[in-house]
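Letter by letter, the chains look like this.
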Amino acid sequence: MNHHELAKDIVKHIGGKSNIDHMTHCMTRLRFNLNDNDQTDRKALEDLDGVVGTNLSGSQFQVIIGNDVPAVYKAIVAETGGVEGNAKKPSEKKKEGNPLNRLFDFISGVFAPILIAVAGSGMIKGLLALIVAFDLMNTEGSTYIILNAIGDGVFYFLPLILAVSAAHKLGSNPYIAAGIAAAILHPSIGALLSTGEAVTFFGIPVIPATYASSVIPILVIIWIASHFERVVDRFIHKSLKLLLVPMIVLLVMVPILLLAIGPLGTLLGDGLSVVVDGLMTKTGVFGGIFLGALMPIITITGMHYGLVPVIINSLAQKGYDYIIPVTFVSNMGQAGSAFGVFLKSKNKKLKTLALSTSITALMGVTEPAMYGVNMRLKRPFYAAMIGGAAGGAVLGLFGVKAYVLSGIGGLPGIPALIGPTFLYGLLGMVIAFVVATIVTYLLGFEDEKGKDLAETVTDESASEKATPAPSVQPEVIASPIKGFVEPLSAVPDPTFADELMGKGVAIRPTEGVVVSPVKGTVSALFKTNHAIGLKSESGAEILIHVGIDTVKLNGEHFTSYIKVDDQVEIGQKLVSFDQAAIEKAGYNTITPIIVTNTPEYSSIEGDVSKEIEQGDNLLKLK
């Protein structure tokens, strides 16, 4: 790769030197604050040899390079006459994105950590529904009652769980937030509001509302409480903060929730559910067509995050939801379109890519098919919308419902549909796939010539280079962090979530210490200490990236105990970080652990959805 030529092309396609207001880089990508993001040519950038992809995070335009990013950055500095290390301090950051984008970011940041618990409880409720349907257990017996409590507990105490998650997202005290939620879920409050008699607080009428399983009221009040807490904290002497700040916040916020926010939030949540129910039950086929066709647009704009509270509210209050089945047929539409590309294309690498992404979409992960194939070729994306509309028509015609939150769409999520409309749900999914495949084949598309489309999405071209790949050996990678293991798809950054940098897993830390997962060498250490590159003695190249966008902290809250070229042993301390301070500053500390030389392995396997200790087996490389 000629870094200077690549630098010239990147500058050209981001609108030239005059369009660059500020630039920096992290471990994997170039980060530009541009005067006008509309001047960028993203397709031309993604077609460059050496560019993995592009991403727009808030107002920051990112060009994903990979391991060569420091060299490319220096070449751009030389090309533009820029100054290295001119990143703004966190205190100088401006709020990025419009209010709607910030709202969706808030909702996704709150719900992403808790969806595992919600999905697990939902599957238990689905299992109990089967038990009841086949009369396998006495529903009045103690065994059923205990199992029902296990399945229903997360939903009943959902406000408490949401309060903690929202406080983490907003950087406020999660225990004060939990106290607010606990107060409104207290049995005496529930009993008082359910009597039907007039209830007052210092003479002010309290409108009855049900807070168990509610969503919107707690999100609104914790957002308000996070700002109020900072104001109170500013005016209370440090010797009294521990006692007075939580007391004042609780005494003010809980009454506000009961008197105003709760009734309005409950009304709004119920209203949204009524709108969706009305769309599917009153308009029938037309509602299904409308939602099925628009779901891909809703997804790519990020608006699908706004549907999560509606889905959970509907499941909690009514025991079913209409939106989940629509996401299933939308998945099938994307899978069918990619499969149609596989059948139609004459480009060998594109056929391979289309087939693999179609299978991935069938399994519930649509991003590779949607962004890597269908949207790039345009017509297949329209075909996916048509397929989704056809499947949605079936859903609307028969009123297909989901009864649990499965956690993933596609074939693995089918148990969520088990119920009276189960067969119609399956029919809608099949029709969406078949229609999208046929329409894609009939509409056709332009097979790209010259540089193969697959080379802009995968790293297959690396295997064709004259220089042979370094030999690697089977290896087990230990966990560098104590925490909870999640799939890369849970990372709120498409570069990691779509595995553009390689395969791996992510860990939500419970301790702010990173140790070496291999015996080998420190190959890279970013100057802000938030990202470490390692090469094991067996050839594995590992990237540990602590948090998302934490490069903007400029090393604050991070301490390194190593330097580049150091020899390290398994379990040796590499970096420590103040997790609470980082999250309070507004950054997600989920940590991807990536095998950056993924193409050199036949398989990379790792168990997710589990707690893990430092040194436990994390990834198996073959």
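Residues numbered from 1 in each chain as written. Predicted model: local features only at pLDDT ≥ 70, side-chain atom pairs only at ≥ 80, totals over all residues. Heavy atoms only, no water.

The next thing to look at is the overall build of the protein chain. What the protein chain contains, in helices and strands, is 20 helices and 20 strands. Taken over 622 residues, the protein chain has a buried fraction of 50%. Long-range pairs, those at least 24 residues apart, make up 73% of the contacts in the protein chain between residues at least 6 apart in sequence. Put simply, the protein chain shows about 28200 Å² of open surface, and 61% of that area lies on carbon and sulfur atoms. (Helix = DSSP H or I, 4+ residues; strand = E, 2+ residues; numbered from the N terminus. Buried < 20%, exposed > 50% of the residue type's maximum accessible area, 1.4 Å probe, protein only. Contact = heavy atoms within 4.5 Å. Areas by Shrake-Rupley, 256 points an atom, 1.4 Å probe, with all protein chains shown as cover.)

Another point: the sheet that holds strand β16 (residues 573-577). Overall, antiparallel pairing links the three strands, which are arranged β10-β16-β14 in an open sheet. Edge positions in the open sheet fall to β10 (513-515) and β14 (558-560), since each of these has one partner strand only. Averaged over all neighbouring strand pairs, the angle between strand axes comes to 15°, with direction disregarded. Taken together, the three bridges between β10 and β16 define a ladder with antiparallel strand orientation. The partner of valine 515 across the bridge, within β16, is lysine 573. (Pairing = 2+ DSSP bridges. Axes fitted to C-alpha atoms, helices over the stretch in contact; angles between N-to-C directions.)

What follows concerns the nonpolar core. For soluble globular proteins, nonpolar side chains are generally found buried alongside one another. Core analysis: the largest hydrophobic core is formed by 73 residues, its most contacted members being Phe111, Leu162, Ile180, Ile218, Leu219, Ile221 and Ile222. Not counting residues up to four positions away in its chain, the partners in contact with leucine 219 are Phe106, Val110, Phe111, Leu162 and Ala166. Counting 31 residues, the second-largest nonpolar core is a separate cluster that includes Ile477, Ile544, Leu553 and Leu621. (Core = buried A, V, L, I, M, F, W, Y, C linked by side-chain atoms within 4.5 Å.)

So, about the sheet that holds strand β19 (residues 610-612). Strand pairing in a sheet relies on backbone hydrogen bonds. The paired strands run either parallel or antiparallel. One open sheet holds the eight strands; their spatial order is β15-β11-β12-β13-β17-β9-β8-β19, and the pairing between them is antiparallel. Of all the strands in the sheet, just β15 (567-568) and β19 have a single pairing partner and so form its edges. Examined bridge by bridge, strand β8 (residues 483-487) and β19 share three bridges and lie antiparallel to one another. Bridge pairing in β19 links phenylalanine 484 to glutamate 611.

Let us now look at a nonpolar patch on the surface. Taken together, Leu343, Val430, Val434, Ile438, Tyr441 and Leu442 make up a surface patch of nonpolar side chains, about 560 Å² in accessible area. It is helix α18 (residues 422-443) that provides the largest number of residues to the nonpolar patch, a total of five residues. Relative to the helices and strands, leucine 343 resides in helix α14 (residues 323-344). Judged by its relative accessible area of 39%, leucine 343 falls in the partly exposed class. (Patch = residues over 30% accessible without salt bridge, like charges linked within 9 Å, V, L, I, M, F, W, Y side chains within 5 Å. Salt bridge = Lys/Arg side-chain N within 4 Å of Asp/Glu carboxyl O.)

So, about helix α17 (residues 379-398). Taking 1.5 Å of rise per residue, the 20 residues of α17 would be expected to cover 28 Å, and the 29 Å separating its terminal C-alpha atoms lies within 8% of that figure. Counting buried positions along α17 yields 14 of 20 residues, so the element is predominantly enclosed. Positive backbone phi, at 60°, marks glycine 399, one or two positions downstream of α17. (Expected span 1.5 Å × (residues − 1).)

A word on the environment of glutamate 605. In this structure, glutamate 605 sits in strand β18 (residues 604-605). Its relative accessible area of 39% is what places glutamate 605 among the partly exposed residues. As a C-alpha pair, glutamate 605 and valine 476 span 129 residues in sequence and 9.6 Å in three-dimensional space. Every residue in contact with glutamate 605, bar those within four places of it in the chain, is listed here: Leu618, Leu619, Lys620 and Lys622.

Low pLDDT marks stretches whose predicted atomic positions should not be read closely. Chain-level statistics for the protein chain give a pLDDT mean of 82 and a share of 86% at 70 or above. Predicted confidence is poor over residues 83-96, with pLDDT under 50, and the contacts of this stretch with residues over four places away or in other chains come to 31 contacts. Here residues 449-470 scores under 50 on pLDDT; set against residues more than four positions off or in separate chains, the count is 32 contacts. (pLDDT = per-residue confidence, 0-100.)

Throughout the structure, instances matching the rule amount to seven aromatic pairs. Geometrically, the ring pair formed by phenylalanine 201 and phenylalanine 202 is edge-to-face, given 4.9 Å between the ring centres and 80° between the ring planes. With 5.7 Å between their ring centres and 75° between their planes, tyrosine 320 and tyrosine 322 make a pair best called edge-to-face. Using a relative accessible area of 5% as the deciding quantity, one classes tyrosine 322 as buried. Members of the aromatic cluster, connected to one another through ring pairs, are Phe339, Phe342 and Phe433. The ring of phenylalanine 342 carries lysine 351 above its face, with NZ or CZ at 4.7 Å from the centroid. Taking the ring centre of tyrosine 320 as reference, the NZ or CZ of lysine 401 above it sits at 5.4 Å. (Phe/Tyr/Trp six-rings, centres within 6.5 Å; stacked < 30°, edge-to-face > 60°. Lys NZ or Arg CZ within 6 Å of the ring centre and 35° of its normal.)

One way to put it is that α14 packs onto α18 with a least axis distance of 7 Å and a crossing angle of 35°. Considering the relative orientation of α14 and α18, their crossing is right-handed. In this structure, α14 contributes Phe328, Val329, Met332, Gly333, Ala335, Gly336, Ser337, Phe339, Gly340, Val341, Leu343 and Lys344 to the contact, and α18 contributes Gly428, Met429, Ala432, Phe433, Ala436, Thr437, Thr440 and Tyr441. In terms of residue class, the contact of α14 with α18 is made up of 12 nonpolar, seven polar and one charged. (Left-handed = near helix turned anticlockwise from the far one by under 90°. Nonpolar A, V, L, I, M, F, W, Y, C, P; charged D, E, K, R; others polar.)

With that out of the way, let us pick up helix α15 (residues 348-362). The end-to-end C-alpha separation of α15 is 21 Å, in line with the 21 Å expected for 15 residues at 1.5 Å each. Among all positions of α15, only Lys349, Leu350, Leu353, Ala354, Thr357, Ser358 and Ala361 are buried. Along the long axis of α15, the arc covered by the buried residues comes to 160°, so they all point the same way. One or two steps after α15, the chain reaches glycine 364, where phi turns positive at roughly 105°. (Arc of directions from axis to C-beta.)

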